[in-house]
Amino acid sequence: MDQLTYPISQRENALATIGHGKPAYLGTTVNMIFPREIKDNVARGFVRDGLPFDPVTQAGGADMFGISWVYEPAVRGSMVMPGKPLLEEVAQWREKLPLPDLEAIDWEAVRQRCAPLVSRTELNATMVFTGYFERLISLMDFENAAMAMVDEDCEEELHALFAALTEYYIALFEKLRTYCAIDMITFHDDWGHQLSSFFSADTCRELLLPYIKRIVEACHQNGMLFDLHCCGKVEKLVPLMVEASIDKWDGQSINDLWGLLDRYGDRLCITLTEKIPQMEPQAAEQWADGILARLSPLGGKNMYLPARGLCPTAREALARKSIAFYG
């Protein structure tokens, strides 16, 4: 793959793909930046900011809201220990939940440390932990959070909490754009499980959509793309993602990704989450042909395929064949 001559840079290709233009190839890399001053990055074990970081010994601990996470090296992920939620009721957030003070961070120090990591040839991105529903889970544990989402008595306080979170997210986006040159925010908020979503489309429209729209608009106003990382079987919520003007959705293959691309791909770029750790050259050729054969009748609708999950032979075959496909 590295020996191929690419018509345009990875950055230009990502912008064309996610922005519904004409990409030059499939299999794009993105440059991730995770400053440790955003404590959620440390809590979740994702730090890349120019200084050494060992998730086994350094990950976990308090996030930006003071909630303690435990990092599990075996799964390379973190969780809040259940059974001791900060909030028993949603209304308690006003007195118990300290909103992060972003002005207390030395952002100039962040800029200086992260500057060497900023890429001119790749899209610079970060992931924001944690989204609205996942934040609610971290505060109340899953059962109480799920019940609050469908309890009419909680609606007023949920709106107030999500509105406060929205102001924090918008301020955070602006800081990350200004001091880390971030081009794309990946917003992490899982809305579903293996069989369906955790809540109905009506609940999502009432409680989440107004605030998702605001943070997407804030991203766009600051010259950034908005990528929703949302796991689970959430097909019925995809129309709401489109309505919110989300640029890209990272979903799981338990959803009908190709069917959704056919229906919504002119307005939403969908990630094909292929993980291919090893593949022989002949198999890689056949796999790449299969991807392009499915993409061909979709009339220019773009599937985003991250290169990081592909083995070298698959990356090379896909890049070479897709350059010819788009050319």
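Just so it is clear, the model here is predicted, and its values are computed rather than measured. (Residues numbered from 1 in each chain as written. Predicted model: local features only at pLDDT ≥ 70, side-chain atom pairs only at ≥ 80, totals over all residues. Heavy atoms only, no water.)

A. Focus on the side chain of Arg44. Positionally, Arg44 belongs in helix H2 (residues 39–44). Although buried, Arg44 forms no salt bridge, and the nearest oppositely charged side chain, Glu134, lies 4.0 Å from it. Side chain to side chain, Arg44 and Thr130 meet in a polar contact 2.8 Å long. Contact partners of Arg44, with chain neighbours within four places excluded, come to Trp69, Tyr71, Ser78, Phe129, Thr130, Glu134 and His188. (Helix = DSSP H or I, 4+ residues; strand = E, 2+ residues; numbered from the N terminus. Buried < 20%, exposed > 50% of the residue type's maximum accessible area, 1.4 Å probe, protein only. Lys, Arg positive; Asp, Glu negative; His and termini not counted. Salt bridge = Lys/Arg side-chain N within 4 Å of Asp/Glu carboxyl O. Polar contact = N/O pair within 3.5 Å; in protein donor to acceptor, adjacent residues only side chain to side chain. Contact = heavy atoms within 4.5 Å.)

B. How the structure looks around the environment of Ala14. Topologically, Ala14 is positioned in helix H1 (residues 10–18). Among the residues examined, Ala14 registers a relative accessible area of 0% and is labelled buried. Along the backbone, Ala14 and Cys311 are 297 residues apart, and their C-alpha atoms lie at a distance of 20 Å. Not counting residues up to four positions away in its chain, the partners in contact with Ala14 are Gly19, Thr28 and Leu123.

C. Spotlight on the sheet that holds strand E3 (residues 68–72). In spatial order, the strands read E2-E3-E4; together these three strands make up an open sheet with antiparallel pairing. With partners counted over all chains shown, the strands left at the sheet margins are strand E2 (61–62) and strand E4 (77–80), one partner each. Where E3 and E4 come together, four bridges link them in antiparallel fashion. Bridging across to E4, Glu72 finds its partner in Gly77. (Pairing = 2+ DSSP bridges.)

D. Region of interest: the packing of aromatic side chains. Applying the stated criterion to the full structure yields 19 aromatic pairs. With a centroid separation of 5.7 Å and 50° between ring planes, the pair formed by Phe34 and Phe46 is classed as tilted. Pair noted here: Phe34 is in the loop between strand E1 (30–32) and H2 and Phe46 is in the loop between H2 and helix H3 (55–58), with a separation of 12 residues, a long-range link. Overall, Phe46 belongs to the partly exposed group, its relative accessible area being 36%. Connected via pairs of aromatic rings, a cluster forms that spans Phe65, Tyr132, Phe162, Tyr168, Tyr169, Phe187, Tyr211 and Phe226. (Phe/Tyr/Trp six-rings, centres within 6.5 Å; stacked < 30°, edge-to-face > 60°.)

E. Broad picture of a negative patch on the surface. Taken together, the side chains of Asp151, Glu152, Asp153, Glu155 and Glu206 present a region of like negative charge at the surface. For Glu155, the location among the structural elements is in helix H8 (residues 155–180). (Patch = residues over 30% accessible without salt bridge, like charges linked within 9 Å, V, L, I, M, F, W, Y side chains within 5 Å. Areas by Shrake-Rupley, 256 points an atom, 1.4 Å probe, with all protein chains shown as cover. Charge placed at Lys NZ, Arg CZ, Asp CG, Glu CD.)

F. Structural view of the nonpolar core. The biggest cluster of nonpolar side chains holds 96 residues, and the ones touching the most others in it are Tyr132, Phe162, Phe173, Phe187, Trp191, Trp249 and Trp287. With 14 residues, the single largest contributor to this core is H8. Not counting residues up to four positions away in its chain, the partners in contact with Phe187 are Val128, Gly131, Tyr132, Tyr169, Phe173, Ile212, Ile215, Phe226, Asp227, Leu228 and His229. One finds Ala14, Leu123, Leu225 and Tyr304 within the second-largest nonpolar core, a separate group that totals eight residues. (Core = buried A, V, L, I, M, F, W, Y, C linked by side-chain atoms within 4.5 Å.)

G. How the structure looks around the pattern of salt bridges. Considering all chains together, one arrives at 22 salt bridges under this definition. In this structure, Glu157 and Arg94 form a salt bridge, with 3.0 Å as the shortest nitrogen-oxygen distance. Of this pair, Glu157 sits in helix H8 while Arg94 sits in helix H4 (residues 93–96), and the two are 63 residues apart along the sequence. Across the pair Glu167 and Arg214 runs a salt bridge, and its minimum N-O distance is 2.3 Å. Here Glu167, found in helix H8, pairs with Arg214, found in helix H10 (residues 209–221); they are 47 residues apart in sequence, far enough to count as distant. With relative accessibility at 43%, the residue Glu167 sits in the partly exposed group. Exposure remark for Arg214: the relative accessible area of 32% places this residue in the partly exposed category.

H. Molecular detail of the layout of surface pockets. Reported here for the largest pocket is a volume of approximately 820 Å³. Lining the largest pocket are 33 residues, and of these Met32, Phe46, Met127, Lys275 and Arg308 sit closest to its centre. Looking at the lining of the largest pocket, the elements that each hand over two or more residues are E1, strand E5 (123–128), strand E6 (184–188), strand E7 (225–229) and strand E8 (248–250). Per-class residue counts for the lining of the largest pocket are 14 nonpolar, 10 polar and nine charged. By volume, the second largest pocket amounts to about 330 Å³. Within the residue set of the lining of the second largest pocket, elements represented by two or more residues are E4 and helix H6 (132–140). Tallied by class, residues from the lining of the second largest pocket come to seven nonpolar, four polar and four charged. (1 Å grid on protein atoms, 1.4 Å probe; cavity = no way out; pocket = protein on both sides within 12 Å on 5 of 7 lines; lining within 4 Å. Points joined across faces, edges and corners; volume = space filled by probe spheres on them. Nonpolar A, V, L, I, M, F, W, Y, C, P; charged D, E, K, R; others polar.)

Fair warning: the whole summary comes from geometry, so function is off the table for now.
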